[in-house]
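Residue strings, one per chain:
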Amino acid sequence: MTKFPMTIQGARALEDELKHLKTVLRPQITQAIAEARELGDLKENAEYHAAREQQGMVEARIRDIEGRLQNAQVIDIANIPPTGKVIFGTTVDIANVETDEQVTYQIVGDDEADIKQGKLSVSSPIARALIGKEEGDVVAVKTPSGLIEYEIVEVRHV
């Protein structure tokens, strides 16, 4: 089975969510179902049906997270010696060659990607263009609005 890269922070976030689902939400839903059963006729009991639906969603999310963690290849960038090359987990400062606008991204797994927090999916076009390049290199990224060139300003192992 294929392993998917994930940072330590991403794995911890999934483990925390899994723990919350199993220890907090699951018991709450079980209690809600028990209380709804006490109300009588289950065919017309909206609380019972809502609790069962929520239980199904929580159980599906638990299975999803367990599967993701089972197939994760957790990479600790702190244990990899810095080489100046862009690899999974590194934080990269890039500058648009035309506008000189500078942005910072961390290359992370698909599940962890959040562009607003500067976390870029390893499978995104920008990350694919950056992987394997070094500080000072200029990379061309094909975007819907055309080709954009970025210069790699700095690569950090944070």
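Reading the values: the criteria
- Residues numbered from 1 in each chain as written.
- Predicted model: local features only at pLDDT ≥ 70, side-chain atom pairs only at ≥ 80, totals over all residues.
- Heavy atoms only, no water.
- Salt bridge = Lys/Arg side-chain N within 4 Å of Asp/Glu carboxyl O.
- Helix = DSSP H or I, 4+ residues; strand = E, 2+ residues; numbered from the N terminus.
- Buried < 20%, exposed > 50% of the residue type's maximum accessible area, 1.4 Å probe, protein only.
- Core = buried A, V, L, I, M, F, W, Y, C linked by side-chain atoms within 4.5 Å.
- Contact = heavy atoms within 4.5 Å.
- Domains from an automatic or database assignment.
- Buried area = accessible area lost by both parts, 1.4 Å probe.
- Nonpolar A, V, L, I, M, F, W, Y, C, P; charged D, E, K, R; others polar.
- UniProt positions renumbered as here; feature names shortened; annotations may be inferred.
- 1 Å grid on protein atoms, 1.4 Å probe; cavity = no way out; pocket = protein on both sides within 12 Å on 5 of 7 lines; lining within 4 Å.
- Points joined across faces, edges and corners; volume = space filled by probe spheres on them.
- Expected span 1.5 Å × (residues − 1).
- Bend = angle between axes of the 7 residues up to and from the residue.

Before going further, it helps to spend a moment on the pattern of salt bridges. Under the criterion given, the structure shown has eight salt bridges. A salt bridge links R61 to E17; the nearest nitrogen and oxygen atoms lie 2.8 Å apart. Here E17 lies in helix α1 (residues 8-38) and R61 lies in helix α2 (residues 46-70), a separation of 44 residues in the sequence. By relative accessible area, E17 is classed as partly exposed at 30%.

Here we take up the nonpolar core. Counting residues in each nonpolar core, the largest one holds 16 residues, and the members touching the most others are V86, V92, I94, I107, L130, V139 and I152. Within the residue set of this core, elements represented by two or more residues are β3 (91-96), β4 (102-108), α3 (125-130), β6 (138-143) and β7 (146-156). With four residues, the top contributor of residues to this core is α3. Aside from chain neighbours lying at most four places away, what touches V139 is A129, L130, K133, I148, E149, Y150 and I152. One finds A11, L18, L21 and A51 within the second-largest nonpolar core, a separate group that totals 14 residues.

Time to look at the domain arrangement of the protein chain. Segmentation of the protein chain into domains returns domain 1 (2-73) and domain 2 (79-154). Centre-to-centre separation of domain 1 and domain 2, based on C-alpha positions: 35 Å. Each side of the interface is counted separately: domain 1 has five residues, and domain 2 has eight residues. When domain 1 packs against domain 2, the two sides together hide about 530 Å² of surface, and 58% of this comes from carbon and sulfur. At the boundary of domain 1 and domain 2, one finds one salt bridge. One salt bridge in this structure joins R68 and D111, with 2.5 Å as the shortest N-O distance. At three residues, the largest contribution of residues to the side of domain 1 that touches domain 2 is made by strand β1 (residues 4-7). A per-class count over the side of domain 1 that touches domain 2 returns two nonpolar, two polar and one charged.

When the UniProt feature table is mapped to this numbering, "domain: Transcription elongation factor GreA/GreB C-terminal" (unreviewed entry) covers residues 82-156. In residues 82-156, the share of helix is 8% and the share of strand is 44%. The end C-alpha atoms are 7 Å apart.

Our focus in this paragraph is the layout of surface pockets. By volume, the largest pocket amounts to about 190 Å³. Broken down by element, the lining of the largest pocket gets its largest block of residues, three residues, from β1. Among the residues making up the lining of the largest pocket, the classes are represented as four nonpolar, three polar and four charged. Two domains each donate at least three residues to the lining of the largest pocket, and these are domain 1 (2-73) and domain 2 (79-154).

On to α1. In this model, α1 (31 residues) spans 44 Å end to end at C-alpha, consistent with the 45 Å of a helix rising 1.5 Å per residue. Remark: the principal bend of α1, roughly 35°, maps to L21. Looking at the buried positions of α1, the neighbouring elements they touch are β1, α2 and β2 (72-75).

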